[in-house]
Amino acid sequence: MDSADRITWQRSETYSPLQLRSGTHTPCPSEFPPARKRVSQNPDPYRPTTLKDREILRVTYQGDDRCQLRCPGCFTGERLTATPQEAALDGGRKSVPHDEFVGHLDAFSGLQDFFLIGAEPTMDPGGSAAKLRHADERGLPRMSITNGAVSVRRFEDTFGEALDSGLYKINISIDSMDPAVHNQLRGRSFALARTLEIVRHCLRRKAPLKIQFTVWPSNYSTIVSSVEELYAMGVRGFAFHAGSVEGVADPDRHGLAHVDPLAWRLLVQQLADWGKERPDLEHFNLPYLVFTERELRTEVIGDGEETDAYLEHVHQMEAGRESAKPVHVCPALAVPQVYVFANDGGSGHGQVSLCNIHPGAYADYQPDTREWRVIQDPERNQMQQMLDSPHLCPATPGAYGSVSDRFPTEAGDLFAACRYVGSNQMPDPSRFPEDLYPQAVDFYALVAQGVKTQPFSRILRVCAHEESFAAKTRTLAVHLVAEAD
Ligand code: SF4
């Protein structure tokens, strides 16, 4: 592995949960230490008091709250729809001034990676190009992401200079190669056609392209065929998210929900098997999200006795009793990477979050002293919230709406742990019966039909008493026919 691909701590030997910049790497067991060695167990949520005094490996930067698409599942929620006047009424703004962006970056130390996410960088080609240029001048390896639903000229105005000067990855979001499915999830009828033009342009340009899928009930059944289609076009980098609805005001109205935990693992297994047969893939990032008990014992927690204590803790939660988790596995506690929402925070001058799934804030930017001040209020401090959470992943209640981390499935219990902890990093993932994936595809193909006419919550209620995908599919088919009559 090229050392330039690693993003690791310089000041300590601590395990870095960050993905490689490119390539696919399955670690051997010695590279994946147990939770107690991997994750800080007793971090101080309030010290250091400024982020200048701690090493942070990557910043993911959102400086501009505008977008030409209207994806109903956008993690930024309603923020993008506010007009500049509405944003100003709340004391906020839509776009960070360049000088303050420079101050934001200067207020970190130890950075090794800069990820510009926009919201949509092509909304401000000059501003985005200037941010990427500044990061380059600071010696930071850079990547960015776009929905790609723009003209080639606008894409080049935004990313051309950065691509010519070593941008190591350009991520383009595609949810499905089925135009109806993709465009519904992107909120605009022109989305896929424009984005594919940019994909072809990137392939011609030999840009370091990665396609980023977000998986929902309505596109689940089209993911593998879409990946195959893009691979046939020449794409060699892929990554996958499970969509979750923290930022979505009315997910039901848009047919949005987290996919079933077992369905997620079946998709991951299918994709992993597909990827193993294609050694020419340049990037293939598969987060496991939910884990079997064996994986908890051997990898996620990595200790049998602690896993027993954790399972007892889950039992207590499900019985409605207060209980503290016996071990922390959330990598955000070490602050390896931060997410800057440059127009948020108490004063509207920027806020740092430790995880883009967990809806909290850890530090506010102080423009007068040009520093990130760690929030001292225990009610607001995100790390304190993460430490106090009874869930292995503190974002679990928001992402899944579940009481505990445990999801009973027809293939056994699965447990939510983290979106990052297992991304391409599980030395020995569990296998699930091969016949289940096609059954999950059949179920979600039918769900995709159903959500066109009724809320997802209704579909879930119809199938709630069924334990297998096959039974859910049968019951839902009968329901949809009855509704149509
Ligand atoms: S996804 Fe959960 S466990 Fe992972 S970093 Fe975020 S809050 Fe922590």
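Refer to the structure above for everything that follows.
Let us look at the structure shown here. (Residues numbered from 1 in each chain as written. Predicted model: local features only at pLDDT ≥ 70, side-chain atom pairs only at ≥ 80, totals over all residues.)

**Focus on the overall build of the protein chain**
What counts here: Note on conventions: DSSP H or I runs of at least 4 residues are helices, E runs of at least 2 residues are strands, and numbering of each starts at the N terminus. What the globule rule says is 2.2 Å times the number of residues to the power 0.38, and the radius of gyration is computed from C-alpha atoms. Counting other C-beta atoms within 10 Å of a residue's C-beta gives its exposure: the residue is buried at 20 or more, exposed at 12 or fewer, and partly exposed in between, where C-beta atoms are placed from the backbone. A pair of residues counts as a contact when their C-beta atoms, built from backbone coordinates, are separated by no more than 7 Å.
Tallying secondary structure elements over the protein chain gives 16 helices and 14 strands in all. For the protein chain, whose C-alpha radius of gyration is 22 Å, the value lies close to the compact-globule estimate of 23 Å for 485 residues. C-alpha extents for the protein chain along the principal axes are approximately 60 × 50 × 50 Å. Per-residue burial over the protein chain gives 49% buried out of 485 residues. Taking as baseline every contact in the protein chain between residues at least 6 positions apart, the subset at least 24 positions apart corresponds to 74%.

**Digging into the pairing of strand E1 (residues 58-62)**
Within a regular beta strand, the side chains point alternately toward one face of the sheet and then the other, so they alternate between its two faces. As a reminder of what qualifies: When DSSP locates at least two bridges between a pair of strands, those strands are taken to pair.
In terms of burial, E1 is a largely internal element, 4 of the 5 residues being buried. As paired elements, E1 and strand E2 (residues 113-118) share 5 bridges and run parallel to each other. When the sheet's bridge partners are listed, Gln 62 is paired in E2 with Gly 118. The pairing of E1 with strand E9 (residues 337-341) spans 5 bridges and is parallel. Across the sheet, the residue bridging to Thr 60 is Tyr 339, located in E9.

**Considerations on the sheet that holds E9**
So the rule is basically this: Working convention: axes come from line fits to C-alpha atoms, limited for helices to the stretch in contact. Angles between N-to-C directions cover 0 to 180 degrees.
Taking strand neighbours across the sheet as the criterion, the 11 strands line up as E7-E6-E5-E4-E3-E2-E1-E9-E10-E11-E12 in an open arrangement whose pairing is mixed. Looking along the sheet, the strands with just one partner apiece sit at the ends: strand E7 (283-285) and strand E12 (371-374). Mean inter-strand twist for the sheet, computed between neighbouring axes without regard to direction, equals 25°. Pairing between strand E11 (residues 363-366) and E12: 4 bridges, direction antiparallel. Among the inter-strand pairings, Gln 366 is bridged to a residue of E12, identified as Glu 371.

**Quick look at the sheet that holds strand E8 (residues 289-291)**
Reading across from one edge, E8-E14-E13 is the order of the 3 strands in this open sheet, with antiparallel pairing throughout. The open sheet has two edge strands with one neighbour each: E8 and strand E13 (406-407). In the sheet, E8 pairs with strand E14 (residues 414-418) via 3 bridges, with the strands oriented antiparallel. If you follow Leu 289 over to E14, its bridge partner there is Cys 418. Against the sheet, helix H9 (residues 261-276) makes contact with E8, E13 and E14, and its axis sits at roughly 95° relative to E8, the strand it touches most.

**Remarks on the nonpolar core**
Condition: Only buried residues count toward a nonpolar core: Ala, Val, Leu, Ile, Met, Phe, Trp, Tyr and Cys, linked into one set through C-beta atoms within 7 Å.
Formed by 133 residues in total, the largest nonpolar core has its most connected members in Val 215, Ala 263, Val 329, Val 352, Ala 417 and Ala 440. With 9 residues, helix H14 (residues 436-450) is the single largest residue contributor to this core. Once residues within four sequence positions are removed from consideration, Val 329 is found in contact with Ala 35, Val 39, Val 300, Ile 301, Leu 392, Ala 417, Cys 418 and Val 421.

**Concerning the environment of Arg 188**
For Arg 188, the position within the fold is in the loop between helix H6 (179-186) and helix H7 (191-205). Expressed as a C-alpha distance, the spacing of Arg 188 and Gln 68, which sit 120 residues apart in the sequence, is 8.6 Å. When neighbours within four sequence positions are excluded, Arg 188 is seen to be in contact with Leu 69, Arg 70, Ala 149 and Asn 183.

**Section: helix H10 (residues 293-300)**
With 6 of 8 residues buried, H10 lies mostly within the body of the structure. Here H10 has its buried residues at Glu 295, Leu 296, Arg 297, Thr 298, Glu 299 and Val 300. In this structure, the buried side of H10 is in contact with helix H1 (35-38), E8, helix H11 (304-318) and E14. Just downstream of H10 lies Gly 302, where phi reads positive at about 75°.

**Notes on unusual backbone geometry**
Across the junction of Arg 47 and Pro 48, the peptide omega takes the value -5°, indicating a cis bond. Assignment of secondary structure puts Pro 48 in the loop between H1 and E1. One non-glycine residue, Lys 206, lies in the positive phi region at around 60°. Along the chain, Lys 206 falls in the loop between H7 and strand E5 (209-215). Non-glycine residue Arg 370 carries a positive phi angle of around 55°.

**Structural notes on the site of the ligand**
We count it as follows: For each residue, a C-beta position is placed from the backbone atoms; the residue is near a molecule or strand when that point lies within 6 Å of it. Asp, Glu, Lys and Arg are counted as charged, while Ala, Val, Leu, Ile, Met, Phe, Trp, Tyr, Cys and Pro are counted as nonpolar; the rest, among them Gly, fall into the polar class.
Around the ligand sit Cys 330, Pro 331, Ala 332, Cys 355, Ile 357, His 358, Cys 393, Pro 394, Ala 395, Cys 418, Arg 419 and Tyr 420, and those are all the residues in its vicinity. Tallied by class, residues from the shell around the ligand come to 10 nonpolar, 1 polar and 1 charged.

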